[in-house]
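# Notes for the structure review
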Amino acid sequence: MSVNSAEVPAEVSVALVKAGRTKIRYASELLHDDGTRLAVRAPWAGDGVRDFGFVRFEAGDVFTEYYWRDRWYSVKEVRTAAGVLKGWYCDITRPAVLTGTQLVVEDLDLDLWRSADGADVRRLDEDEFAESGLAERDPQAAAAAVAALDELERLAAHGDAFTDLLR
């Protein structure tokens, strides 16, 4: 689909939902929607600076975000305001749902970071995932989430396979 099509909105509101509540909502520019994968671009929507120790998200950063309707993850390419690639932050989520101009993504606590040079690939928040109780409430979703994290980690360790995912 072309983003210029009358059927496709030029802007979408991204809502990241966690444990049944909207964690964050922000406006984004729709770059691409082929019916399976969507790509949007938005400035850093967080409050202030988020310093993870291995990367900082801050005002001026630009996120190009990739969402799938048939995969259990999203990938966010993070660049500075000057366009320097910081890396990719990946959220393990249920498949994305776009209704009108509203893109809803349910965060399942697991995350993955891949640095710009590919030397640093790390799994994040596995403790939060374990504490979330998803494995007890919805074992199939928990299994899909872990499988998605494993898949992303394999792809991230092989640079071309990872970047091909985003083309």
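The following refers to the structure shown. All values reported here derive from a predicted model rather than from experimental measurement.

This part is about the environment of E153. Of note, E153 is situated in helix α3 (residues 139-157). Residue classification places E153 among the partly exposed residues on the basis of a relative accessible area of 29%. In sequence terms E153 and W113 are 40 residues apart; their C-alpha atoms lie 8.9 Å from each other. In this structure, E153 is in contact with L112, V121 and R123, ignoring residues within four places of it in sequence. In terms of polar contacts, E153 uses its side chain to reach the side chain of R123, at 2.7 Å.

As a further point, take the nonpolar core. The nonpolar side chains of a soluble globular protein tend to be buried with one another. Counting 24 residues, the largest nonpolar core has Y73, V75, I92, L152, F162, L165 and L166 as its most contacted members. Among the secondary structure elements, those contributing two or more residues to this core are β6 (62-68), β7 (73-79), β8 (85-93), β10 (102-115), α3 and α4 (159-165). Element by element, the count of residues in this core is highest for α3, at eight residues. What L166 contacts, discounting residues up to four positions off in sequence, is R37, Y66, W68, V75 and W88. Membership of the second largest hydrophobic core comes to 13 residues, among which are L16, L30, L38 and Y67.

Looking at the element boundaries, D107 is found in strand β10. Contact partners of D107, with chain neighbours within four places excluded, come to L16, V17, K18, K23, D91, I92 and T93.

Okay, the layout of surface pockets next. The volume enclosed by the largest pocket comes to roughly 550 Å³. Contributing elements (two or more residues each) for the lining of the largest pocket: β1 (11-18), β2 (21-33), β6, β8 and β10. A breakdown of the residues in the lining of the largest pocket according to their chemical character gives twelve nonpolar, one polar and twelve charged.

This paragraph deals with the pairing of β8. Of all the nine residues making up β8, eight are buried; the element is thus mostly covered by neighbouring parts of the structure. In this structure, β7 lies alongside β8, joined through seven bridges in antiparallel fashion. Paired with V78 across the strands is G87, a residue of β8. Linking β7 to β8, which pair antiparallel, is a turn of five residues; within it G83 sits at a positive phi near 95°. As defined by bridge partners, β8 adjoins β10 across six bridges and the pair is classed as antiparallel. Considered in β10, the bridge of Y89 is made with W113.

A regular strand carries its side chains on alternate faces of the sheet. Counting buried positions along β10 yields eleven of 14 residues, so the element is predominantly enclosed. With five bridges joining them, β1 and β10 adopt parallel strand pairing. Residue pairing for β10: S13 is matched across the bridge by Q102. Connecting strand β9 (residues 97-99) to the next strand, β10, in antiparallel fashion are two residues, including G100 with a positive phi near 65°. If you look at the hairpin formed by β10 and strand β11 (residues 121-124), you'll find five residues sitting between the two strands, and G118 has a positive phi there, around 80°.

Analysis parameters
Each chain carries its own residue numbering, running from 1 in the direction its sequence is written. This being a predicted model, a pLDDT of at least 70 is required before a residue's local features are given, and a value of 80 or more before pairs of side-chain atoms are given or counted; all residues contribute to the totals for chains, interfaces and linings. Calculation of side-chain values draws on the structure's entire complement of heavy atoms; hydrogens and water are dropped beforehand. Helix and strand definitions here come from DSSP, where helices need a minimum of 4 consecutive H or I residues and strands a minimum of 2 consecutive E residues; each element is numbered from the N-terminal end. The classification of residues rests on relative accessible area computed with a 1.4 Å probe and restricted to protein chains. Under 20% of the type maximum is buried, over 50% is exposed, and intermediate values are partly exposed. Note on definitions: a residue-residue contact is assigned when non-hydrogen atoms from the two residues lie within 4.5 Å. For the purposes of these results, a polar contact is taken to be a pair of N or O atoms within 3.5 Å, where, inside protein, one atom must be able to donate a hydrogen and its partner to accept one; residues adjacent in sequence count only when each atom of the pair is a side-chain atom. Residues enter a nonpolar core if they are buried and are Ala, Val, Leu, Ile, Met, Phe, Trp, Tyr or Cys, with the set joined through side-chain atoms within 4.5 Å. Whether a set of points on the 1 Å grid over the protein atoms alone is a cavity depends on a 1.4 Å probe fitting there but being unable to get out, while an open set qualifies as a pocket with protein on both sides within 12 Å along at least five of seven lines; lining residues are those with an atom within 4 Å of a point. Grid points are joined across faces, edges and corners, and a volume is the space filled by probe spheres set on the points. Throughout this entry, Asp, Glu, Lys and Arg are counted as charged residues, while Ala, Val, Leu, Ile, Met, Phe, Trp, Tyr, Cys and Pro are counted as nonpolar. The remaining residues, Gly among them, count as polar. At least two bridges found by DSSP between two strands are what make those strands a pair.

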